[in-house]
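# Analysis of the macromolecular model
Given next are the chains, with one letter for each unit.
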Amino acid sequence: MEPLVIEATPKTPKVVFDPSENLFEISGRSLPENVVKTYDPVIKWIDNNLGDAKQEIVVNFKMDYLNSASAKMISLILTKLEELYSAGTKVLIKWHYNSDDDDIQSEGEIYQMLKKVPIKLI
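Notes on the structure in this doc start here. Remember, it's a predicted structure, so these values are computed and weren't measured experimentally.

What follows concerns the sheet that holds strand β1 (residues 4-6). Taken together, six strands build an open sheet; the order of strands is β1-β2-β3-β4-β5-β6 and the sheet is mixed. Because the sheet does not close on itself, it has two edges, and the strands there are β1 and β6 (119-121). Neighbouring strand axes in the sheet, compared pairwise and without regard to direction, differ in orientation by 15 degrees on average. The strands touched by helix α2 (residues 68-86) within the sheet are β3 (23-30), β4 (57-66) and β5 (91-96), with β4 carrying the most contacts at an inclination of about 170 degrees.

Assignment of secondary structure puts K80 in helix α2. Relative accessible area serves as the criterion here: at 19%, K80 is assigned to the buried category. A polar contact of 3.2 Å, which involves the side chain of K80, links it to the side chain of D47. Discounting chain neighbours no more than four positions away, the residues touching K80 are I43, I46 and D47.

Calculation criteria
- Residues numbered from 1 in each chain as written.
- Predicted model: local features only at pLDDT ≥ 70, side-chain atom pairs only at ≥ 80, totals over all residues.
- Heavy atoms only, no water.
- Pairing = 2+ DSSP bridges.
- Helix = DSSP H or I, 4+ residues; strand = E, 2+ residues; numbered from the N terminus.
- Axes fitted to C-alpha atoms, helices over the stretch in contact; angles between N-to-C directions.
- Contact = heavy atoms within 4.5 Å.
- Buried < 20%, exposed > 50% of the residue type's maximum accessible area, 1.4 Å probe, protein only.
- Polar contact = N/O pair within 3.5 Å; in protein donor to acceptor, adjacent residues only side chain to side chain.

All we've got here are geometric facts, nothing functional implied.
This is the structure we're talking about:
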């Protein structure tokens, strides 16, 4: 399974999905001009690679900023992970935020309420 690595830009987050290292992380700022173009490779990679995961998948979200269009795409990614969880794959989402960042904390709390997959706020 090939890892997915997308380097960050000033407007897009860094994405590292590397099963051999058990590293799944999306981090940084997300305010892309084309949100579908930014997140479509991530969604396709999840669809193509995580359906037969044997070990627990821990996905870290370390967002500094998230616009509303990006929040919808993150929600879609969480839905994909929720589907894996419902199918029996062990999945844990770790939603990281700075103690003074109420917006990112609130976003994580909303996902925690809406999604049927374990989301730990850190």
